[in-house]
Amino acid sequence: MIGYTPGSTIVHRLDPRGKLAVQLAFAIAAFAHTTPRGLAALTILALAIARLASVSVVRAILSVRVLAPFLIAAPLVAAIRLSPPAIDPSAAFQPALASYRVLLVFVVAAAYVHTTAVRESRAAIQRTIPSRPGVLLGVGVSLVFRFLPVLRRELTTVRAASAARLGTERPLVDRIRRLVVVGVNRSFTRADRLSAALSARCFAWNPTLPQLSFTRLDIPVFATAIGLLAAAVFV
Amino acid sequence: MATNTESVDLVGDETVANIARAALFAALMGAFAYVSFPNPLAAGVPITLQVLGVFLAGIMLGPVWGAIAMVLYLVAGAIGAPVFSGGAAGIGHLIASPTLGFLWSYPIAAAAVGLVVHRGVGLTEYKSASTPTLVGAMVLGTAIIYALGTVGFAAIQYDPWYASLGQAFVVSSLPFIPVEAVKIAAAVGIVKSDAIAAA
Amino acid sequence: MISVDNLTHAFGETVVLDSISLSIDDDEFVVLTGPNGSGKTTLVRHFNGLHTPTAGDVRVNGAPVESDLVAARTAVGMVFQRPEDSFVAATIAADVAFGPENLGLSHDEIDRRVETALAAVNLSGRGDERIDTLSGGEQARVAIAGALAMEPDQLVLDEPFSGLDEPARRSLLSHLDSLSADGTGIIVVTHDLRGVLERCDRVLALSAGSIVLDAPPAMARQQLPSLDVYVPLTADSDREHSRDSHESAGR
């Protein structure tokens with residue numbers, strides 16, 4: 001699984017805003033040039049980024065393996081001709097390139113996830129989106145990271161307990177209902193306690209914004225983003 | 001104390017409570033990504049709870065905060081929280097994945113479900129909503145999710161996208177739609193039972 | 001300094017606090033005890049403006065709490081029951097910084113406060129660790145650090161020992177000792193007096209929304225058993241003993 005891993009690669013030290021810009025520009029370039037040549041060039045760039053961030057390309061791709069049925073089925077279905085019934089492999093070519101393009105973007109996105117702490121992403125959000133929406137998103141996202149492992153553990157425990165009491169024999173709707181009721185109730189109970197704690201610590205609309213500053217290292221990052229955009233538009 | 005207390009613009013108590021609930025709901029959506037049930041209709045297509053989470057966000061948090069909860073879920077996933085299907089993360093899911101239409105539809109569908117159930121942008125007592133209203137709201141939500149999901153799939157996988165909507169629908173949506181009835185039934189059961197503590 | 005004057009709090013028809021008056025100075029170490037449902041948590045939440053009085057008033061440093069919530073919330077720090085639900089960030093330092101950030105302090109000042117607060121609870125240098133990997137005792141200390149970073153005059157801890165094992169409990173008590181020695185007022189809400197009775201200056205007992213005891217610990221030790229307040233007193237043996245007699249009386 002891909003997740004933030006503290007480290008000292010050059011990509012870890014970059015400003016998160018520049019890294020976000022590269023991801024967006026990379027995707028735009030990949031959509032503009034979904035050709036063998038275009039994707040070959042972008043493959044080299046994606047591998048270079050993964051290398052600099054020291055993120056495993058294999059793991060990045062495996063982390064989205066649940067998408068595999070879609071990425072494989074899309075070109076296969078395109079090759080089917082209904083009248084007369086036949087297989088037209090050439091029709092699968094473009095959708096196959098599209099599937100490959102998805103993987104490239106995921107590799108670049110994995111480099112961001114691997115090298116960027118929540119605190120930095122939150123800083124990027126609050127420094128990019130002004131005022132109340134920025135605070136709401138920044139604090140809200142931080143809370144999601146905090147409570148995700150707590151709720152995951154809780155759901156796992158509930159399922160194990162229910163299986164132990166032969167809950168697996170119950171009808172499907174009933175099992176879903178029971179699990180979700182517990183999940184929602186626990187979430188709301190926690191939310192009530194959390195909101196008291198937020199208020200007690202003076203949760204404010206105008207906090208000190210998290211620190212973030214560009215360095216000279218970020219110049220090539222933005223240059224890459226601009227180059228990718230230019231390639232998408234002019235080439 | 002050096003703090004100038006007058007300059008601190010406190011978030012009001014009601015808004016704090018709504019933010020906490022939206023964030024916890026977004027985290028719950030993420031936790032749902034790890035849960036799947038075997039599908040009695042199609043063995044290869046496991047049942048996940050994400051769509052049920054979208055329905056309940058609209059019903060329980062209302063159109064505004066339900067949609068905000070979904071936005072928090074998407075943004076958290078984009079910057080690295082492992083909340084997407086199978087515990088995946090990254091902005092690729094929102095800008096390049098063939099399933100991006102489904103993800104972008106969540107805030108819209110939650111808002112739509114909330115608007116129907118609460119008959120407006122305000123928050124009403126959802127437990128008093130009639131079963132036909134609840135079912136109608138969720139059918140509308142399902143339609144939005146799969147319509148945007150299909151268009152998104154076609155846009156990512158096929159060129160030109162509008163010529164391949166049928167293929168996109170067959171691959172991305174058709175296998176999943178039948179079990180939505182199960183989720184709608186479960187959601188009605190959840191809302192109508194007294195098992196959920198007062199909102 | 002907290003002063004409560006004729007405070008009444010009702011949830012609908014139910015009166016939880018019934019015209020309570022008291023004041024607590026900044027240099028006191030106070031224990032607030034009483035059975036479950038006696039109104040302890042509701043009372044301390046008023047110190048911080050988390051509830052609005054049904055009648056009467058609550059002042060912090062002379063000013064009514066609702067007239068300046070920020071002043072009250074910075075003067076009185078709160079550490080809640082079940083600290084795991086009071087964290088706002090996934091890592092320690094990011095969580096402790098939340099309060100100071102809301103006060104609009106400079107980055108240097110925020111960093112200084114986070115370091116000082118972590119040092120006070122023996123977590124220096126662990127700011128980047130994930131909170132969900134910590135033990136219950138460590139999480140309790142992070143929650144205290146989060147409150148200390150507001151630099152409060154008084155610190156309220158609501159049932160801080162529940163769920164802690166004996167070493168974590170003792171470690172928490174020794175941290176409370178040193179905070180108290182450094183001049184922070186301590187108000188511990190607990191129904192379990194083991195280890196706190198010998199440390200505190202004053203014991204307040206609530207029962208059914210009224211204060212039934214306000215006394216120094218030596219006197220409290222004598223009077224608590226005669227009041228209708230069942231609380232475990234000091235050592236474990238005492239607790240076992242009183243529970244036994246409780247049960248045999250019931251047979």
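Since the model is a prediction, treat every value here as computed from it, not as a measurement.

A. Structural view of the overall build of chain A. Across its full length, chain A carries nine helices and two strands. Reading the helices (α) and strands (β) of chain A from amino to carboxyl end gives α-α-α-α-β-β-α-α-α-α-α. The buried share of chain A, reckoned over its 235 residues, is 52%. For chain A, contacts bridging at least 24 residues in sequence account for 77% of all contacts bridging at least 6. Of the side-chain charges in chain A, 27 are positive and 8 negative, and the distance between the mean point of each set is 4 Å.

B. Spatial organisation of the packing of helix H5 (residues 93–115) of chain A against helix H5 (residues 131–157) of chain B. One can describe the packing of H5(A) onto H5(B) by two numbers: an axis separation of 8 Å at closest approach and a directional angle of 100°. If you check the angle between H5(A) and H5(B), you find them roughly perpendicular. When H5(A) is examined against H5(B), the residues Pro95(A), Ala98(A), Ser99(A), Arg101(A) and Val102(A) are found in contact with a partner set consisting of Ala155(B), Ile156(B) and Gln157(B). Looking at side-chain class alone, the contact of H5(A) with H5(B) contains five nonpolar, two polar and one charged residues.

C. Structural context of the pairing of strand E2 (residues 14–24) of chain C. The sheet contact formed by strand E1 (residues 2–11) of chain C and E2(C) spans seven bridges and is antiparallel. Within E2(C), the position partnered with Ser3(C) by the bridge is Ser23(C).

D. Layout of the sheet that holds E1(C). As summarised here, the arrangement of the four strands in space is E2-E1-E4-E5 (chain C), forming an open sheet in which the pairing is antiparallel. Of all strands in the sheet, those bounded by a partner on one side alone are E2 and strand E5 (63–64) of chain C.

E. Layout of a nonpolar patch on the surface. Residues and elements named next belong to chain A. The grouping of Ile10, Leu52 and Leu217 at the surface amounts to a nonpolar patch, some 230 Å² of accessible area in total. Inspection of the secondary structure puts Leu217 in the loop between helix H8 (172–200) and helix H9 (218–234). Look at Leu217 and you get partly exposed, because its relative accessible area is 30%.

F. The nonpolar core, seen in detail. One finds Ile176(A), Leu56(B) and Met60(B) to be the most contacted residues of the largest nonpolar core, which totals 148 residues. Considering every element that reaches this core, the biggest residue donor is helix H2 (residues 50–78) of chain B, with 19 residues. When we break this core down by domain, the ones giving at least three residues each are domain 1 (1–117 + 213–235) and domain 2 (131–209) of chain A. Residues in contact with Met60(B), not counting those within four places in the same chain, are Val184(A), Phe188(A), Phe25(B), Leu123(B), Tyr126(B), Ile190(B) and Ile196(B). Residues Leu105(C), Ile131(C), Leu155(C) and Ala220(C) belong to the second largest nonpolar core, which totals 50 residues.

G. Molecular detail of the interface of chain B and chain C. In this complex, chain B contributes six residues to the contact, which on the side of chain C involves 11 residues. Together, the buried faces of chain B and chain C total about 700 Å²; carbon and sulfur atoms form 63% of this surface. Viewed at the interface, chain C and chain B are joined by zero salt bridges. Taken together, the connections running from chain B to chain C amount to zero residue pairs in polar contact (both at pLDDT 80 or more). Grouping the constituent residues of the side of chain B that touches chain C by class yields three nonpolar, two polar and one charged.

H. A look at the pattern of salt bridges. Under the counting rule described, the total for this entry stands at 28 salt bridges over all chains. One salt bridge in this structure joins Arg122(A) and Glu101(C), with 3.4 Å as the shortest N-O distance. In this pair, Arg122(A) is assigned in helix H6 (residues 118–128) and Glu101(C) in helix H4 (residues 98–102), connecting two distinct chains. Take Arg122(A) and Glu101(C): they sit in the same class, and that class is buried. As a salt-bridge pair, Asp177(C) and Arg199(C) come within 2.9 Å of each other at their nearest N and O atoms. Here Arg199(C) lies in the loop between strand E8 (185–189) and strand E9 (202–207) and Asp177(C) lies in helix H7 (residues 166–181), a separation of 22 residues in the sequence. Assessed through its relative accessible area of 31%, Asp177(C) is described here as partly exposed. Within the structure, one salt-bridge network assembled from shared partners comprises Glu154(A), Arg186(A), Arg190(A), Arg193(A), Glu84(C) and Asp85(C).

I. Quick peek at the interface of chain A and chain B. The partner chain B presents 76 residues to the 68 residues of chain A that form the contact. In total, chain A and chain B occlude about 6,300 Å² of area from one another, counting both sides; carbon and sulfur atoms represent 80% of this. Run the count over chain A and chain B and you get one salt bridge. Across the salt bridge formed by Arg132(A) and Asp9(B), the nearest N and O atoms sit 3.2 Å from each other. One can count 10 residue pairs in polar contact (both at pLDDT 80 or more) joining chain A with chain B. For the side of chain A that touches chain B, the leading source of residues is H8(A), giving 20 residues.

J. Representation of the packing of H2(B) against helix H4 (residues 100–118) of chain B within the structure. Residue and element names in this part refer to chain B. Orientation of H2 relative to H4, taken along the N-to-C sense of each, is 120°, at an axis distance of 7 Å. In terms of axis orientation, H2 runs oblique to H4. Judged by the twist between their axes, the crossing of H2 over H4 is left-handed. Broken down by class, the residue content of the contact of H2 with H4 amounts to 20 nonpolar, six polar and no charged.

K. Quick peek at the domain arrangement of chain A. When its domains are assigned, chain A resolves into domain 1 (1–117 + 213–235) and domain 2 (131–209). Between the C-alpha centres of domain 1 of chain A and domain 2 of chain A there is a distance of 32 Å.

L. The arrangement of the packing of aromatic side chains in detail. Applying the stated criterion to the full structure yields 10 aromatic pairs over all chains. Pairing Phe203(A) with Phe98(C) gives two aromatic rings, centres 5.7 Å apart and planes at 45°, and the pair type is tilted. Note that Phe203(A) is positioned in the loop between H8 and H9 and Phe98(C) in helix H4, a pairing that runs across two chains. One exposure class covers both Phe203(A) and Phe98(C), and it is buried. Relative to Tyr146(B), the ring of Phe102(B) has its centre 5.6 Å away and its plane inclined at 80°; by these criteria the two rings are edge-to-face. Taken together, the residues span a long stretch of sequence, with Phe102(B) in helix H4 and Tyr146(B) in helix H5 at a distance of 44 residues. Note on accessibility: Phe102(B) and Tyr146(B) belong to one class, buried. Three or more aromatic residues link up through ring pairs in this structure, and these residues are Phe70(A), Phe153(B), Tyr158(B) and Phe176(B). Here the basic side chain of Arg159(A) rests over the ring of Phe37(B), its NZ or CZ set 4.3 Å away from the ring centre. Across the ring face of Phe188(A), the terminal group of Arg21(B) is positioned such that the distance to the ring centre comes to 4.2 Å.

Thresholds applied
Residues numbered from 1 in each chain as written. Chains lettered and ligands numbered in written order. Predicted model: local features only at pLDDT ≥ 70, side-chain atom pairs only at ≥ 80, totals over all residues. Heavy atoms only, no water. Helix = DSSP H or I, 4+ residues; strand = E, 2+ residues; numbered from the N terminus. Buried < 20%, exposed > 50% of the residue type's maximum accessible area, 1.4 Å probe, protein only. Contact = heavy atoms within 4.5 Å. Lys, Arg positive; Asp, Glu negative; His and termini not counted. Charge placed at Lys NZ, Arg CZ, Asp CG, Glu CD. Axes fitted to C-alpha atoms, helices over the stretch in contact; angles between N-to-C directions. Parallel < 35°, antiparallel > 145°, perpendicular 65-115°, else oblique. Nonpolar A, V, L, I, M, F, W, Y, C, P; charged D, E, K, R; others polar. Pairing = 2+ DSSP bridges. Patch = residues over 30% accessible without salt bridge, like charges linked within 9 Å, V, L, I, M, F, W, Y side chains within 5 Å. Areas by Shrake-Rupley, 256 points an atom, 1.4 Å probe, with all protein chains shown as cover. Salt bridge = Lys/Arg side-chain N within 4 Å of Asp/Glu carboxyl O. Core = buried A, V, L, I, M, F, W, Y, C linked by side-chain atoms within 4.5 Å. Domains from an automatic or database assignment. Buried area = accessible area lost by both parts, 1.4 Å probe. Polar contact = N/O pair within 3.5 Å; in protein donor to acceptor, adjacent residues only side chain to side chain. Left-handed = near helix turned anticlockwise from the far one by under 90°. Phe/Tyr/Trp six-rings, centres within 6.5 Å; stacked < 30°, edge-to-face > 60°. Lys NZ or Arg CZ within 6 Å of the ring centre and 35° of its normal.

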